[in-house]
Amino acid sequence: MAIALLPMCEGETIGSNLGRYADFVGLHTTLRLRRRLFGHACRPYTKLPSGILHLAEETCDYWGLQAEKIILEHTEFNYATLTLPEAQKLTLFSNMLSQPAGRCFRRSACGWVGERASRFRYCEHCLSEWRRKRVCPYRILCQQLPGVYLCYLHSNFLKGVKKQFSEDITDQTLTALRSKDDEQILITTSIEHKDAIEDVAKRSARYLRGVDRLPSLTSFRDLLREAGLVRSSGETDHRGLIESMLTHFGAEYCWLAGLTGQKMNAWSRNIADVRSTCEPSHAFMFIAAESVLYRRSASPGSFVPSIRKGIRDKEGAQFSQAEIECLRTRWHSIVRSARPDKRITAAYRIDSKLYRTLSRYDHLWFMAYNRDNRTPPGRSLYVPQGIKNSASNPGGD
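Residues numbered from 1 in each chain as written. Predicted model: local features only at pLDDT ≥ 70, side-chain atom pairs only at ≥ 80, totals over all residues. Heavy atoms only, no water.

Peer 1: Got a minute to help me understand the packing of aromatic side chains in this structure?
Peer 2: For any pair of aromatic rings, the description rests on two quantities: the centre-to-centre distance and the angle between the ring planes. According to the stated counting rule, one finds 16 aromatic pairs in the structure shown. Note on tyrosine 355 and phenylalanine 366: the rings are 5.0 Å apart at their centroids and 85° apart in plane angle, and the pair reads as edge-to-face. With a gap of 11 residues between them, tyrosine 355 in helix H17 (residues 352-361) and phenylalanine 366 in helix H18 (residues 363-373) connect regions that are remote in the sequence. Owing to a relative accessible area of 24%, tyrosine 355 belongs among the partly exposed residues under this scheme. Three or more aromatic residues link up through ring pairs in this structure, and these residues are Trp331, Tyr348, Tyr355 and Phe366. Against the face of tryptophan 112 rests lysine 263, its NZ or CZ located 3.9 Å from the ring centre. (Phe/Tyr/Trp six-rings, centres within 6.5 Å; stacked < 30°, edge-to-face > 60°. Helix = DSSP H or I, 4+ residues; strand = E, 2+ residues; numbered from the N terminus. Buried < 20%, exposed > 50% of the residue type's maximum accessible area, 1.4 Å probe, protein only. Lys NZ or Arg CZ within 6 Å of the ring centre and 35° of its normal.)

Peer 1: What's the story with the sheet that holds strand S4 (residues 159-160) in this structure? I'm lost.
Peer 2: Across a sheet, strands are paired by hydrogen bonds formed along the backbone, either parallel or antiparallel in direction. Across the sheet, three strands lie side by side as S1-S4-S5; this open sheet has antiparallel pairing. The sheet is open, and its two edges are formed by strand S1 (121-122) and strand S5 (183-184), each paired on a single side. Here two bridges tie S1 to S4, and the two strands are oriented antiparallel to one another. Of the residues in S4, the one forming a bridge with arginine 121 is glycine 160. (Pairing = 2+ DSSP bridges.)

Peer 1: What is the right way to read the pattern of salt bridges from this model?
Peer 2: Any two side chains of opposite charge can pair, on the condition that their charged atoms come close. On inspection of all chains with the given rule, the structure shows 19 salt bridges. Of the charged contacts, one joins glutamate 290 and arginine 203 as a salt bridge, the two residues approaching to 3.4 Å between their closest N and O atoms. Placement of the pair is glutamate 290 in helix H14 (residues 283-296) and arginine 203 in helix H9 (residues 191-209), with a sequence separation of 87 residues. Grouping residues by exposure puts glutamate 290 and arginine 203 together as buried. Salt-bridge contacts for aspartate 351 lead to arginine 330; the nearest nitrogen and oxygen are separated by 3.8 Å. In this pair, aspartate 351 is assigned in the loop between helix H16 (343-350) and H17 and arginine 330 in helix H15 (residues 321-337), connecting sequence segments 21 residues apart. A single network of salt bridges, built from pairs that share partners, joins Asp199, Arg203 and Glu290. (Salt bridge = Lys/Arg side-chain N within 4 Å of Asp/Glu carboxyl O.)

Quick look at the structure:
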């Protein structure tokens with residue numbers, strides 16, 4: 001007889017659903033429930049469990065999900081196998097469907113070490129939305145991934161659970177985990193850093209859903225070159241990549257997420273060495289690097305190839321790459337906040353000195369950026385009153 005589990009919510013973790021059921025019927029532990037559902041002693045918070053075919057059969061009357069759908073939409077499978085060869089992915093998928101036969105391969109997102117932020121995170125805006133719709137709170141899978149500290153649906157920072165609990169006895173519900181002591185993971189950050197952190201959240205969610213495929217190693221080498229991080233000698237500027245990461249995300253995020261200089265350096269060296277046979281870096285390292293490199297390569301000539309050259313003006317003052325990026329970041333922020341019908345003109349009026357500085361000393365990037373971000377002709381959102389009157393009365397004075 002099938003167990004009358006609660007319906008599975010979109011993007012919910014398996015453990016969250018089992019925890020909600022246990023709370024509803026008054027179970028103090030989900031260990032026996034898990035044994036019956038999976039067909040073996042599957043521990044709470046197992047990221048990539050085996051026995052999914054058995055789980056699908058036991059829950060068919062209430063979840064109505066095929067085993068493959070459970071793996072792809074309610075476990076980390078797509079994310080955890082992002083950097084693996086296709087053959088290894090298929091092997092792991094097969095292992096997850098069947099009952100475990102001894103110790104089997106288990107790569108999961110919790111293989112990322114050094115993260116200082118809480119492993120259990122949630123969005124207050126999501127909670128408010130569920131409250132209005134009378135939906136029971138649940139843990140969203142993509143919000144638990146490494147480096148994901150922002151809800152990409154609401155563009156607000158997540159809160160981290162502070163409550164201590166045992167992970168070996170039962171699957172906790174979000175309702176049980178939350179407390180008044182929970183704090184926002186990142187308190188103060190610039191608009192630019194928030195944009196970068198949101199980009200990681202969006203990319204992570206898309207990879208988790210299997211919407212996108214990770215660029216090839218060759219593509220990453222091309223991105224490094226386009227981003228100005230490969231010297232004329234062909235050597236990769238490893239220090240430049242580390243500085244770009246810190247500039248892109250901010251030091252606080254890198255510290256919380258465990259994005260250390262050592263990990264960044266190891267990643268770039270493995271990418272640069274076409275003969276490398278090392279195990280691929282964690283998916284999060286690729287996603288963070290992808291975010292940085294695409295931002296740097298967004299416009300032709302957008303970054304100075306060497307951080308030691310900089311740009312020198314006629315008075316002899318030299319701009320380091322960090323200073324150049326600060327100028328660009330400032331201009332990007334002004335353009336984003338400017339009125340949408342005249343973005344570049346309005347931004348010029350806010351800071352004409354910055355406009356002239358970038359136009360003079362960073363001309364290629366500046367022209368390309370303004371071209372890509374100007375208000376499209378004929379699509380102005382704001383129409384002055386005089387124009388409105390003329391349009392409504394074309395023959396009048």
